[in-house]
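Now for the letters of each chain:
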Amino acid sequence: MTAVHSFDYTAVAELSPTAARSWRSKQRSGFSRRVDPAAEAIRYAMENVEPTLLDGSFLEVGDSLFNGVGIRNFYARDPYPLERRAQSAHGSEDDHE
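For the structure given in this document, a descriptive report is provided here. Bear in mind that the values here come from a model prediction, so they are computed numbers and not experimental data.

## Re the environment of Tyr 9
When you line up the elements, Tyr 9 lands in the segment before strand S1 (13-16). With 31 residues separating them in the primary sequence, Tyr 9 and Glu 40 have C-alpha atoms 8.4 Å apart. Reaching out from Tyr 9, the side chain makes a polar contact with the backbone oxygen of Phe 74 at a distance of 2.8 Å.

Below, the structure written as structure tokens:
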């Protein structure tokens, strides 16, 4: 697995609900998104995907595969290049209304 410090937020990424490697499996499973750059895929996962789905999701960047924990970590790190939404699907203030 690629070291976290060398993650390329500008690379093309694919966000999938499972580690299924075949295209047919990904399409049947609910969502699969090819996103450029990876930072956008991470933001989509954190701000739009339900937490229960994110737990089983995977982000594929090049030959590296990252699970839901990895996606959360990339979003939380200082090098994350995009503005984070104040309220997201994961622990948002909207959940406490």
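## Observations regarding the nonpolar core
With 21 residues, the main nonpolar core has Phe 7, Tyr 9, Ile 42, Leu 59, Val 61 and Ile 71 as its most contacted residues. Excluding residues that lie within four positions of it along the chain, Phe 7 makes contacts with Ala 38, Ile 42, Leu 59, Val 61, Phe 66 and Phe 74.

Cut-off values and rules
- Residues numbered from 1 in each chain as written.
- Predicted model: local features only at pLDDT ≥ 70, side-chain atom pairs only at ≥ 80, totals over all residues.
- Heavy atoms only, no water.
- Helix = DSSP H or I, 4+ residues; strand = E, 2+ residues; numbered from the N terminus.
- Polar contact = N/O pair within 3.5 Å; in protein donor to acceptor, adjacent residues only side chain to side chain.
- Core = buried A, V, L, I, M, F, W, Y, C linked by side-chain atoms within 4.5 Å.
- Buried < 20%, exposed > 50% of the residue type's maximum accessible area, 1.4 Å probe, protein only.
- Contact = heavy atoms within 4.5 Å.

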